[in-house]
Amino acid sequence: MEIKRENLIATLGGEESVARMDSEAKADALEDFLSTELDKILLSKDPFPTVAEVEQKIPTRHYRMGVGNLFVAQAPGAKVKILPPMPDKPTLYDFFEKRFAPANHVLQSAALAMKNGMPEEIILACLLHDTAQALLKADHGYWAAQMYTPYVPEKTAFAIKYHQALRFFADPAYGYEYPDLYRRLFGEDYVPLPHIRADYEMLKNHPWYEAPRLVTVNDYYSFDPKAKVSIDPFREIIGRHFKQPKEGLGNDNSPVAHMWRTIARPDMAL
Ligand SMILES: [Fe+2]
Ligand SMILES: [Fe+2]
């Protein structure tokens, strides 16, 4: 993955328009471009840290790494923005457009899964697999699976839940290697937590092992500023497999409605 200065400037409308931006606008634009702390880490060329070095960085931040993307402005000096209001009966599309945006990573992952001819329930899992990171990043696969369970096929929720554990374990049969990103995020000597190791042991003999494994294989970390990402190619799959509640997500009194409401209104003080 590579981000070139000229690409960034081009996406901002060229040198002249960048010159007209004040520093806050530049910080906002950079935040949009990089979109998350994760993208910044992906760009690093430094040697991999140790677990101890990762831990030493904790008190240098004003937020915790597990916080949801909606809840903190991560670019230096940036502030959180006013979010567009949600409609009375929000759909999955409203959440993608107004709360998960830019959602490049999941849209590109789903596009890759589609290109690779994956089954529809796996393409849907790829489309949704990291969207709970709007709410929080720590244990995001487990949170996301819970959030989507009432609305998606059982295998899709299974794939979303366990992609998180399988990301820590290579599987040469599927061409999946342990990601350098994890060496950078967790430290090169990191040992996955007991619940992750236990779930991996369970999954190895599970008839649905392939479902979360295929999410990890199509987990696409790249930022191409010219890439056109859109939810449109997935509308038919969503229509066939996502049970949109007629009252709107968050209003259907399901066991997970509060999670959708929190994403809809992250500025509520209590
Ligand atoms: Fe993930
Ligand atoms: Fe991912």
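The structure this text deals with has already been given above.
Only a predicted model underlies this, so the values are computations on that prediction, with no experimental measurement involved.

Definitions and limits used
- Residues numbered from 1 in each chain as written.
- Chains lettered and ligands numbered in written order.
- Predicted model: local features only at pLDDT ≥ 70, side-chain atom pairs only at ≥ 80, totals over all residues.
- Heavy atoms only, no water.
- Axes fitted to C-alpha atoms, helices over the stretch in contact; angles between N-to-C directions.
- Helix = DSSP H or I, 4+ residues; strand = E, 2+ residues; numbered from the N terminus.
- Parallel < 35°, antiparallel > 145°, perpendicular 65-115°, else oblique.
- Left-handed = near helix turned anticlockwise from the far one by under 90°.
- Contact = heavy atoms within 4.5 Å.
- Nonpolar A, V, L, I, M, F, W, Y, C, P; charged D, E, K, R; others polar.
- Donors = N, O, S within 2.8 Å, 3.2 Å for Na, K, Ca; no water.
- Tetrahedral: all angles 85-135°; square planar, octahedral: opposite > 155°, others 65-115°.
- Buried < 20%, exposed > 50% of the residue type's maximum accessible area, 1.4 Å probe, protein only.
- Expected span 1.5 Å × (residues − 1).
- Bend = angle between axes of the 7 residues up to and from the residue.
- Core = buried A, V, L, I, M, F, W, Y, C linked by side-chain atoms within 4.5 Å.
- Salt bridge = Lys/Arg side-chain N within 4 Å of Asp/Glu carboxyl O.

Caption draft 1: Up close: the packing of helix H8 (residues 120-128) against helix H13 (residues 210-217). Here H8 crosses H13 at 55°, and the two axes come no closer than 9 Å. Classed by the angle they form, the pair H8 and H13 counts as oblique. Of the two elements, H8 crosses H13, and the hand of that crossing is right-handed. Across from Ile122, Ala125 and Cys126 in H8, the residues of H13 making contact are Ala211, Leu214 and Val215. Split into classes, the residues belonging to the contact of H8 with H13 amount to six nonpolar, no polar and no charged.

Caption draft 2: Quick look at the coordination of the iron ion (ligand 2). Coordination of the iron ion (ligand 2) by the protein comes from His105 (NE2), His129 (NE2), Asp130 (OD) and Asp219 (OD), over a distance range of 2.0 to 2.2 Å. One way to put it: the four donor atoms around the iron ion (ligand 2) meet at angles of 80 to 166°, and that makes the site irregular. The sequence pattern describing where the donors of the iron ion (ligand 2) fall on their chain is H-x23-H-D-x88-D. For His105, a relative accessible area of 18% puts it in the buried group.

Caption draft 3: Broad picture of the environment of Tyr176. Relative to the assigned elements, Tyr176 resides in the loop between helix H10 (154-166) and helix H11 (180-186). Placed 38 residues apart in sequence, Tyr176 and Leu214 show a C-alpha to C-alpha distance of 9.4 Å.

Caption draft 4: Structural view of H10. For H10, spanning 13 residues, the distance from its first C-alpha to its last is 18 Å, which sits close to the expected 18 Å at 1.5 Å a residue. Within H10, the axis deviates most sharply at Ile160, by approximately 25°. Of all 13 residues making up H10, 10 are buried, and the element is well covered by its neighbours. Taken residue by residue, H10 has Thr156, Ala157, Phe158, Ala159, Ile160, Tyr162, His163, Gln164, Ala165 and Leu166 as its buried positions. Those residues of H10 hidden inside the fold are in contact with H8, helix H9 (140-148), helix H12 (194-204) and H13.

Caption draft 5: Region of interest: unusual backbone geometry. Residue Pro102 is bonded to the preceding Ala101 through a cis peptide linkage, with omega at 5°. Topologically, Pro102 is positioned in the loop between helix H6 (92-100) and helix H7 (104-115). A positive phi angle, close to 55°, is found at Ala103, a residue other than glycine. Following the sequence through the fold, Ala103 ends up in the loop between H6 and H7. Taking the relative accessible area as the measure of exposure, Ala103 reaches 10% and is therefore buried. In this model, Asn253 sits at a positive phi of 60°, which is unusual for a non-glycine residue.

Caption draft 6: Structural context of the coordination of the iron ion (ligand 1). Bound to the iron ion (ligand 1) on the protein side are Asp130 (OD), His140 (NE2) and His163 (NE2), at distances that span 2.1 to 2.2 Å. Each donor residue of the iron ion (ligand 1) belongs to the same chain, with the gaps between them written as D-x9-H-x22-H. Here the iron ion (ligand 1) and the iron ion (ligand 2) are spaced 3.7 Å apart, and both take Asp130 as a donor. Here Asp130 is found in the loop between H8 and H9, whereas its partner His140 is found in helix H9, with 10 residues between them in sequence. The burial state of Asp130 is the same as that of His140; both residues are buried.

Caption draft 7: Quick look at the nonpolar core. Grouped together as the largest cluster of nonpolar side chains are 45 residues, with contacts concentrated most on Leu92, Phe96, Phe100, Leu127, Leu128, Tyr148 and Trp260. Elements supplying a minimum of two residues to this core: H6, H7, H8, H9, H10, H13, helix H14 (235-241) and helix H15 (257-264). With residues up to four places along the chain from it excluded, the contact list for Tyr148 reads Leu92, Phe100, Leu128, Thr131, Ile160, Phe242 and Trp260.

Caption draft 8: Fine view of the pattern of salt bridges. All chains considered together, the criterion is met by nine salt bridges. One salt bridge connects Asp219 with Arg167, and the closest N-O pair in it is separated by 3.0 Å. With a gap of 52 residues between them, Asp219 in the loop between H13 and H14 and Arg167 in the loop between H10 and H11 connect regions that are remote in the sequence. Of the two residues, Asp219 and Arg167, both sit in the buried class. A salt bridge links Asp232 to Arg235; its shortest N-O distance comes to 2.7 Å. Since its relative accessible area comes to 47%, Asp232 is described here as partly exposed. On the accessibility criterion, Arg235 (40% relative accessible area) is partly exposed. One salt-bridge network, in which partners are shared between bridges, spans Glu120, Glu236 and Arg240.

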